[in-house]
Amino acid sequence: AAAPALHMPNPSPALDLSSGLATIVVLLASWLLLRWKRGRRAPPPPREEPSAPVRAVGAKAAGRGPMTILFGSQTGTAEGFATTLMREARVRGYAARALDLEELPPEELGGVEGPCVFLLATHGEGDPTDN
């Protein structure tokens, strides 16, 4: 003999609607809880200031000698880092200068004295800067 077929009654439309609404309420409450927790994160720590006041050092300054910082920047971020690094280097006794890569001809790169730091940014999907 064949097994009797199970007959399940159709759920009422009210039951369908209430279970759908309950699912939406749970998802909305979860999303709101996550956003609330993200908003309660501790604020970032304050930026540290240089240990000594920034002072300009001339090209003939006694100390650690010259330093050249070359940057390539599309939006100014690498240029800002280069300026910060130049100030910090001057505080520490270097006669530092920051230059856009376009300002230094490639044939002069070999004649740069002292440490030479390159700060290069990318933009888009890792593309090089225009300079």
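As a reminder, the structure under discussion sits directly above these lines.
Residues numbered from 1 in each chain as written. Predicted model: local features only at pLDDT ≥ 70, side-chain atom pairs only at ≥ 80, totals over all residues. Heavy atoms only, no water.

Trainee: I'm lost on the side chain of threonine 68 in this one. Help?
Mentor: Mapped onto the elements of the fold, threonine 68 is located in strand 1 (residues 65-72). There is a polar contact of 3.4 Å between the side chain of threonine 68 and the side chain of arginine 97. Sequence-distant contacts of threonine 68, defined by excluding residues within four places in its chain, comprise Arg97, Leu99, Val112, Glu113, Pro115, Cys116 and Val117. (Helix = DSSP H or I, 4+ residues; strand = E, 2+ residues; numbered from the N terminus. Polar contact = N/O pair within 3.5 Å; in protein donor to acceptor, adjacent residues only side chain to side chain. Contact = heavy atoms within 4.5 Å.)

Trainee: I would appreciate a short explanation of the sheet that holds strand 3 (residues 116-120) in the present structure.
Mentor: Whenever strands of a sheet pair, they do so through backbone hydrogen bonds, lying parallel or antiparallel. Read across the sheet, three strands follow the order 2-1-3 without closing on themselves; strand pairing throughout is parallel. Each edge of the open sheet is held by one strand with a lone partner, namely strand 2 (94-100) and strand 3. Each adjacent strand pair in this sheet contributes to an overall mean axis angle of 20°, direction not counted. Alignment of strand 1 against strand 2, held across seven bridges, turns out to be parallel. Note that in strand 2 the partner of methionine 67 across the bridge is alanine 96. (Pairing = 2+ DSSP bridges. Axes fitted to C-alpha atoms, helices over the stretch in contact; angles between N-to-C directions.)

Trainee: Sorry, what's going on with helix 2 (residues 77-91) here?
Mentor: Residues lying three or four places apart along an α-helix face the same way, a consequence of the helix completing one turn every 3.6 residues. A rise of 1.5 Å per residue sets the reference length of helix 2, with its 15 residues, at 21 Å; its end C-alpha atoms lie 22 Å apart and thus fit the reference within 8%. Along helix 2, the residues that are buried comprise Ala78, Ala82, Met86, Ala89 and Val91. If you follow the buried residues of helix 2, they end up packed against strand 1, strand 2 and strand 3. Trailing helix 2 by a residue or two, glycine 93 shows a phi angle of about 100°, which is positive. (Expected span 1.5 Å × (residues − 1). Buried < 20%, exposed > 50% of the residue type's maximum accessible area, 1.4 Å probe, protein only.)

Trainee: Got a minute to help me understand a negative patch on the surface in this structure?
Mentor: Together, Glu79, Glu102, Glu103 and Asp130 make up a negatively charged patch on the protein surface. Turning to its location among the elements, aspartate 130 is positioned in the segment after strand 5 (127-128). According to the relative accessible area criterion, aspartate 130 is exposed, its value standing at 67%. (Patch = residues over 30% accessible without salt bridge, like charges linked within 9 Å, V, L, I, M, F, W, Y side chains within 5 Å. Areas by Shrake-Rupley, 256 points an atom, 1.4 Å probe, with all protein chains shown as cover. Salt bridge = Lys/Arg side-chain N within 4 Å of Asp/Glu carboxyl O. Lys, Arg positive; Asp, Glu negative; His and termini not counted. Charge placed at Lys NZ, Arg CZ, Asp CG, Glu CD.)

Trainee: Any chance you could explain the nonpolar core here in plain terms?
Mentor: The nonpolar side chains of soluble globular proteins are, as a tendency, buried together. Within the largest apolar cluster, nine residues are counted, these being Met67, Ile69, Phe71, Ala78, Ala82, Met86, Ala89, Tyr94 and Ala96. Listing elements by their share of this core, those giving two or more residues are strand 1, helix 2 and strand 2. No other element matches the four residues that helix 2 contributes to this core. The residues contacting alanine 89, other than those within four sequence positions of it, are Met67, Tyr94 and Ala96. (Core = buried A, V, L, I, M, F, W, Y, C linked by side-chain atoms within 4.5 Å.)

That's the geometry; what it means functionally is another story.
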